[in-house]
Amino acid sequence: MKNVKWVEKDPKREDVFWPSEEMKKIAWESDPSIYEEALKDPEKFWVDRAKEGLDWFDDNFKKNFEWNPPYYKWFVGGKINASYNCLDRHIKTWRKNKAALIWVPELTEEHSRVLTYYDLYREVNKFANALKKLGVKKGDRVGIYLPMIPEVVIAMLACARIGAIHSVVFSAFSSDSLKARLIDAEAKILITADGYYRRGKPLSLKKNADEAVKGTKVEHVIVVKRLGEKINTEMNKDRDIWWEDAVKDVENYCEPEVMDSEDILFILYTSGTTGKPKGVIHETGGYLTQAYWTTKWDFDLHDEDIFFCTADVGWVTGHTYNCYGPFALGATILIYEGAPDYPNPDRWWDIIEKYGVTVLYTAPTAIRMFIKFGDEWVEKHDLSTLRILGTVGEPIDRDSWYWYFNKIGGGRCPVIDTWWQTETGGTLINSLPGIGPFIPGVAGKPIPGTKFAIYDEEGKEITEERYSGYLVHLAPFAPGMLRGVWKNPEKYKETYWSKYGDRIYFTNDGSMMYDKELKVIKITGRVDDVMKVAGHRLSTTEVEGVLTEHEAVAEAAVVGAPHEIKGEVPVAFVVLKGGYKPSEELKKELINLVRTKIGPTAKPENIFFGELPKTRSGKIMRRILRSLVHGEPVGDTTTLLNPESVTELEKQVKG
Ligand code: WTA
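Residues numbered from 1 in each chain as written. Predicted model: local features only at pLDDT ≥ 70, side-chain atom pairs only at ≥ 80, totals over all residues. Heavy atoms only, no water.

Asker: Looking at this structure, I do not really get the overall build of the protein. What am I missing?
Answerer: Scanning the protein from terminus to terminus reveals 20 helices and 32 strands. By the compact-globule yardstick of 26 Å for 655 residues, the protein fits well, its C-alpha radius of gyration being 24 Å. For the protein, long-range pairs separated by at least 24 residues make up 71% of all intrachain contacts whose partners lie at least 6 apart in sequence. Summed over all atoms, the accessible surface of the protein reaches about 25600 Å², with 49% contributed by carbon and sulfur. Treating the 89 positive side-chain charges of the protein as one cloud and the 98 negative ones as another, the clouds have centres 2 Å apart. (Helix = DSSP H or I, 4+ residues; strand = E, 2+ residues; numbered from the N terminus. Rg over C-alpha atoms; globule rule 2.2 N^0.38 Å. Contact = heavy atoms within 4.5 Å. Areas by Shrake-Rupley, 256 points an atom, 1.4 Å probe, with all protein chains shown as cover. Lys, Arg positive; Asp, Glu negative; His and termini not counted. Charge placed at Lys NZ, Arg CZ, Asp CG, Glu CD.)

So this is what it looks like as structure tokens:
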């Protein structure tokens, strides 16, 4: 490809880049006045977007935005179906024959699969009928535990088509994690696969699924044959059915269910500050509106683009940008099944070159990993088709930003640093490719039609440049925002609507106004007990809960320690019960326990045994533990109940 410059450097300001004329010419959004215009009447702005972007069965909304703090609704009375918007409306146009999805398997000797919009439409219709045949009805919950294969989006869209609520569980999660989520959601069906390839090796998934469904309300398990002969899969005759058999004798067309805008589209479990994952609820009309527009604005997808979002569908990024957003837009996505460094550390660059990927969306942790592998893996490839780069999941440091910008983007492509959360449904703070600015480590402005502020502890707005505070979202909340926590209204109120009352959404993130003139926000990271381990969200309490299950453990405290590639890793401090002695074996046993109970991302990098520093009232001083693993001075410990515990732990940590 001809090397087009999509950005240019600010002539005066260091580290600031702007879209080039070429970018402004093609971008969907290049007029900065959109921000002011949208804020004049955000409700009207979003209603117009909802009607312009989506096909409604009824768009005569009774109310645009209804607010009963801390609850709110959008587009009340609107009728819509997400699967219809992602498929049916495209197959009536030339997009019928357009590639919707390019699937790249991990094994290089296997062939990729391309599904056109019509292919996807046909598969979704058939699978929707298969679900109906098994008794799935509107409002029922369906668990999806699948690797990155086309069936994962087919299953999601099929649920959406019949109004069933999907709950996707990351395929690397353990059977215990899956079980807990199936029980909480009271899922009726589980969709899984016999297994998948990881680093070339066939791994069973069905075995985990079998363990997980025991004692749940799951009536049937539908199994995709991904590995076939390569693995031994036992099927329970009365309960299990192969996907290929499920879709055999069903009709080709399934009428999409007419859904209320506020009907639930999906639940997605995420780690909060308690040990128990919360089921974040997203509804249909508002979520899809934000998914559609942010995909269009942030990644500027046009019909010629190929969008490679590297997130697994088990996370919110996969839901919104590997499924609902791009399909609602009629775009082409590419999904890759396997490990980024299989068979070599240049697999992603090989994929980008081979398929002519134009937009890449990934996480800082992946970028740091590639930096480690060395530039030679990148330099072997022609990446000139790339036009836009995106990042998500954690703050990106200046060095990684510049490496991404220069090495991957050839210094030609904007880096869109998107801040958002499972709870927000779609991106909320980031610069737009046709407007800018692009600044290392700075997310940018709130997307059009949304308001944010930075508050101090007391709830006073901080307006000074570069003063840290807490990031809050102000009404009217973005249409894609969560509508609640599944079966747990208390958790919903406590987590988001208690720090500053029920009219202000508390993000649990720290931030600062980076530049007053440019009005751009920098995100500094979580201020609660949530860690981001290799971009994956994990609560320290969840890991502590597993450790204390062990018979030898009396008490445990887990904190996030800095890690060169993963960003953060859990480190545990464990108090043993009387009669138990610290040992390497016990350490390994505990690490393994976490790995099997939660999943590999959660496993502690290290475990230290000893007493935990406590206040006189018996509260664990996590601040001190955090300082220890960060290699920072612990400060005054004389007011502690047991200052000697700190000296003891310090010795161990410094090793
Ligand atoms: C963090 C991921 C800095 C943040 C979509 C947030 C970020 C949490 C960014 C949500 C970013 C996400 N810069 N921090 N661009 N994007 N975060 O629910 O702490 O897995 O609260 O959603 O990730 O993580 P979650």
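Asker: Explain the sheet that holds strand β32 (residues 606-609) here, please?
Answerer: Each strand in a sheet pairs with its neighbour through backbone hydrogen bonds, running either in the same direction (parallel) or in the opposite one (antiparallel). Across the sheet, three strands lie side by side as β30-β31-β32; this open sheet has mixed pairing. Both edges of this open sheet fall to β30 (553-563) and β32, since each of them pairs with a single strand only. The sheet shows a mean angle of 25° between the axes of neighbouring strands, taken without regard to direction. Pairing geometry for β30 and strand β31 (residues 567-576), over ten bridges, is antiparallel. Bridge pairing in β31 places H563 opposite G567. Across the sheet, helix α19 (residues 622-630) touches β30 and β31, and the angle it forms with β30 is around 45°. Contacts between helix α20 (residues 643-654) and the sheet are confined to β31 and β32, with β32 contributing the most and set at about 150° to the helix. (Pairing = 2+ DSSP bridges. Axes fitted to C-alpha atoms, helices over the stretch in contact; angles between N-to-C directions.)

Asker: Hey, could you run me through the side chain of S431 in this one?
Answerer: Positionally, S431 belongs in the loop between β22 (415-418) and β23 (451-455). Of the residues examined, S431 reaches a relative accessible area of 3% and is grouped as buried. In terms of polar contacts, S431 uses its side chain to reach the backbone carbonyl oxygen of P437, at 2.6 Å. Here S431 is in contact with I416, G436, P437, F438, A443 and G444, once residues within four sequence places are set aside. (Buried < 20%, exposed > 50% of the residue type's maximum accessible area, 1.4 Å probe, protein only. Polar contact = N/O pair within 3.5 Å; in protein donor to acceptor, adjacent residues only side chain to side chain.)

Asker: Explain the environment of R622 here, please?
Answerer: By the element assignment, R622 lies in helix α19. According to the relative accessible area criterion, R622 is partly exposed, its value standing at 22%. Put simply, R622 and G228 are 394 residues apart on the chain and 48 Å apart in space, counted from C-alpha to C-alpha. With sequence-adjacent residues up to four places away left out, R622 is seen in contact with E544, A557, V558 and V559.

Asker: Would you mind showing me how to read the site of the ligand here?
Answerer: Neighbouring the ligand are 17 residues, the closest being D417, T422, D509, K532 and R537. Contacts to the ligand include E394, whose backbone N or O atom sits 3.4 Å from a nitrogen atom. R537 has a polar side-chain atom sitting 2.7 Å from an oxygen atom of the ligand. Calculation on the ligand without its partners gives an accessible area of 520 Å², and the protein chains cover 97% of this total. (Near = heavy atom within 4 Å.)

Asker: Mind showing me how you'd approach the side chain of E151 here?
Answerer: Relative to the assigned elements, E151 resides in helix α6 (residues 150-162). Those residues in contact with E151 that sit more than four places away from it in its chain are R113, L146, V224 and W243.

Asker: So what exactly am I meant to see when it comes to the packing of aromatic side chains here?
Answerer: Any aromatic ring pair is given by two values, namely how distant the centres are and how the planes are angled relative to each other. Here the structure, examined in full by the defined rule, presents 53 aromatic pairs. With a centroid separation of 6.4 Å and 25° between ring planes, the pair formed by F65 and Y72 is classed as stacked. Accessibility classification places F65 together with Y72 in one group, the buried group. When the ring centre of W242 is taken as reference, the NZ or CZ atom of K225 above it lies at 4.7 Å. The ring of F506 has K499 lying over it, and the distance from NZ or CZ to the ring centre is 5.7 Å. (Phe/Tyr/Trp six-rings, centres within 6.5 Å; stacked < 30°, edge-to-face > 60°. Lys NZ or Arg CZ within 6 Å of the ring centre and 35° of its normal.)

Asker: Would you mind showing me how to read the pattern of salt bridges here?
Answerer: Note on pairing: side chains with opposite charge can pair once their charged atoms come close. All told, the structure shown has 52 salt bridges when counted by the stated rule. Across the pair E37 and K40 runs a salt bridge, and its minimum N-O distance is 2.8 Å. Note that E37 and K40 are positioned in helix α2 (residues 33-40) at a spacing of three residues, about one turn of the helix. Note on K40: relative accessible area 63%, which makes it exposed. In this structure, E186 engages R141 in a salt bridge whose closest nitrogen and oxygen atoms are separated by 4.0 Å. Note that E186 is positioned in the loop between α7 (175-185) and β10 (189-193) and R141 in strand β8 (residues 141-145), a separation of 45 residues in sequence. (Salt bridge = Lys/Arg side-chain N within 4 Å of Asp/Glu carboxyl O.)

Asker: Would you take a moment to explain the nonpolar core for this structure?
Answerer: Inside soluble globular proteins, nonpolar side chains tend to come together where they are buried. Counting 170 residues, the largest nonpolar core has L120, F127, L131, I191, Y324, F327 and I408 as the members making the most contacts within it. Looking at which element gives the most residues to this core, the answer is α6, with ten residues. Setting aside anything within four residues of it in sequence, one finds L120 in contact with L87, A100, L115, V153, I154, L157 and F327. Counting 22 residues, the second-largest nonpolar core is a separate cluster that includes V543, V558, L576 and I598. (Core = buried A, V, L, I, M, F, W, Y, C linked by side-chain atoms within 4.5 Å.)

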